[in-house]
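# Close look at the chain arrangement
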Amino acid sequence: MSKQNKTLGEFIIENQTAFKYTTGELTRLLNSIRLAAKVVNHEVNKAGLVDIIGNAGDVNIQGEDQQKLDVYANDVFIQTLIKRNIVCGIASEEEDDFVSINSQDSKNQNKYVVLIDPLDGSSNIDVNVSVGTIFSVYRRITPVGSPVTIDDFLQEGHQQVAAGYIVYGTSTMLVYTTGAGVNGFTLNPAIGTFYLSHPDMSFPLDGNIYSCNEGNYIHFPQGIKDYIKYCQMEEDDRPYTSRYIGSLVSDFHRNMIKGGIYLYPKSSKNPKGKLRLLYECNPMAFLAEQANGKASDGFTRIMDIKPTELHERVPFMCGSKHMVEKAEEFERKALK
Ligand code: AHM
Ligand code: MG
């Protein structure tokens, strides 16, 4: 069988021995995420057909309206992981606090915690634009068998053991890393199987796409404004082209394939940035670095930031290495 014909299930099993802490637990965890992704994909795909779009009426901890599919995706991922008894804790963008999980015998022996954004970019759902799921996995640091604590979730990004995303796009893909490169799998919806379609994904070192919400330009820090002007300048291989879907997973996915940079800087509107460190930026940073790219807050490597709260926000830039380095250079220059 050629490498491209491999299914995600086969790939996970074949690669579990390469993972240094292997006990089969991470394999079961990834298989559960694969299953939940298929269930959510089914629902996302019929969003235009049934009366499921629109606000659920709840407001989450960040003061944003939740949409029905956000709630649905949250339930599917959390319930799938809880019922299979493979994690000891879950934190989600849609939950104010982390969930501590007890196994049937009430002594949870599981080692992993999962942090998840069940449906990112959900403001795009009702206009039929791609959305995504982002996940991040850590080994707990508190003793196995005891209830998880906030410390198990507030770990630096470089401690991640796995991270990935699902993009519900023109085709649905699951892309993940366990620290040995990045591989992408495309769902064949007819038979409900993910196939390895994008082995060893890698950001080109340079690119010509910049992705940011330029509507916020006036509120950006000077260094970011200068970098955007640099992208637009007629010189060498520039001007670059601007592409912004407003759906992090989709913008990241395109930039990884074509070469580009995604920026969500801090601004006077969002003084700490908008994106969440633990379940948006860290997993994307892990994937970026594993794919020869780079992720930072403009000054510091994202995966070196010490988290202080579950729903913490950070400025974020991520993508082709040379492009991120250039944007950092402008940020530093503007401070002098
Ligand atoms: P969400 O978690 O509320 O969906 O917000 C995250 C999304 C990202 O997917 C996207 O890149 C960004 O917010 C878009 O924000 P904006 O509309 O301010 O440009
Ligand atoms: Mg989100």
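Use the structure listed above.
Description of the structure in this document. Here the structure is a predicted model, which means the values were calculated and not measured.

Here we come to unusual backbone geometry. Between R238 and the following residue, P239, the backbone shows a cis peptide bond with an omega angle of 10°. As for its placement among the helices and strands, P239 is situated in the loop between helix 5 (222-232) and strand 12 (241-242). Of note in this structure, N128 is not a glycine but carries a positive phi near 65°. Relative to the helices and strands, N128 is located in the loop between strand 5 (112-120) and strand 6 (131-139). Although it is not a glycine, D200 sits at a positive phi angle of roughly 45°. When you line up the elements, D200 lands in the loop between strand 10 (193-198) and strand 11 (209-211).

Around ligand 1 lies a shell of 17 residues, among which D120, Y244, L248, Y262 and Y264 are the nearest. E93 has a polar side-chain atom sitting 3.0 Å from an oxygen atom of ligand 1. Between ligand 1 and the protein, one listed contact pairs an oxygen atom with a backbone N or O atom of G121 at 2.7 Å. Across the complex, the protein chains shield 83% of the 470 Å² of accessible surface that ligand 1 would expose by itself. Broken down by secondary-structure element, the contributors of at least two residues to the shell around ligand 1 are strand 5 and strand 13 (260-264). When grouped by side-chain class, the residues that make up the shell around ligand 1 number five nonpolar, five polar and seven charged.

A word on the packing of aromatic side chains. In the structure shown here, the tally under the stated rule is 12 aromatic pairs. Their ring planes at 55° and their centres at 6.2 Å tell us that Y262 and F316 sit as a pair that is tilted. A residue pair is termed long-range when its members are at least 10 positions apart, and Y262 in strand 13 and F316 in strand 15 (residues 316-320) qualify at 54 residues. Exposure remark for F316: the relative accessible area of 2% places this residue in the buried category. An aromatic cluster of at least three residues, connected via ring pairs, comprises Y227, Y230, Y240 and F330. K333 extends its terminal NZ or CZ atom over the ring of F330, reaching a point 4.6 Å from the ring centre.

An order of 12-11-13-15-14 is seen for the five strands of this open sheet, with the pairing classed as mixed. Strands at the two margins of the open sheet, each flanked by one partner only, are strand 12 and strand 14 (293-296). Looking at chain direction, strand 11 and strand 13 are connected through three bridges and run parallel. Among the inter-strand pairings, Y210 is bridged to a residue of strand 13, identified as I261. Relative to strand 15, helix 8 (residues 321-335) is tilted by about 145°, and along the sheet it contacts strand 11, strand 13, strand 14 and strand 15.

Thresholds, definitions, all that
- Residues numbered from 1 in each chain as written.
- Chains lettered and ligands numbered in written order.
- Predicted model: local features only at pLDDT ≥ 70, side-chain atom pairs only at ≥ 80, totals over all residues.
- Heavy atoms only, no water.
- Helix = DSSP H or I, 4+ residues; strand = E, 2+ residues; numbered from the N terminus.
- Near = heavy atom within 4 Å.
- Polar contact = N/O pair within 3.5 Å; in protein donor to acceptor, adjacent residues only side chain to side chain.
- Areas by Shrake-Rupley, 256 points an atom, 1.4 Å probe, with all protein chains shown as cover.
- Nonpolar A, V, L, I, M, F, W, Y, C, P; charged D, E, K, R; others polar.
- Phe/Tyr/Trp six-rings, centres within 6.5 Å; stacked < 30°, edge-to-face > 60°.
- Buried < 20%, exposed > 50% of the residue type's maximum accessible area, 1.4 Å probe, protein only.
- Lys NZ or Arg CZ within 6 Å of the ring centre and 35° of its normal.
- Pairing = 2+ DSSP bridges.
- Contact = heavy atoms within 4.5 Å.
- Axes fitted to C-alpha atoms, helices over the stretch in contact; angles between N-to-C directions.

Function-wise, these values are silent; they only describe arrangement.
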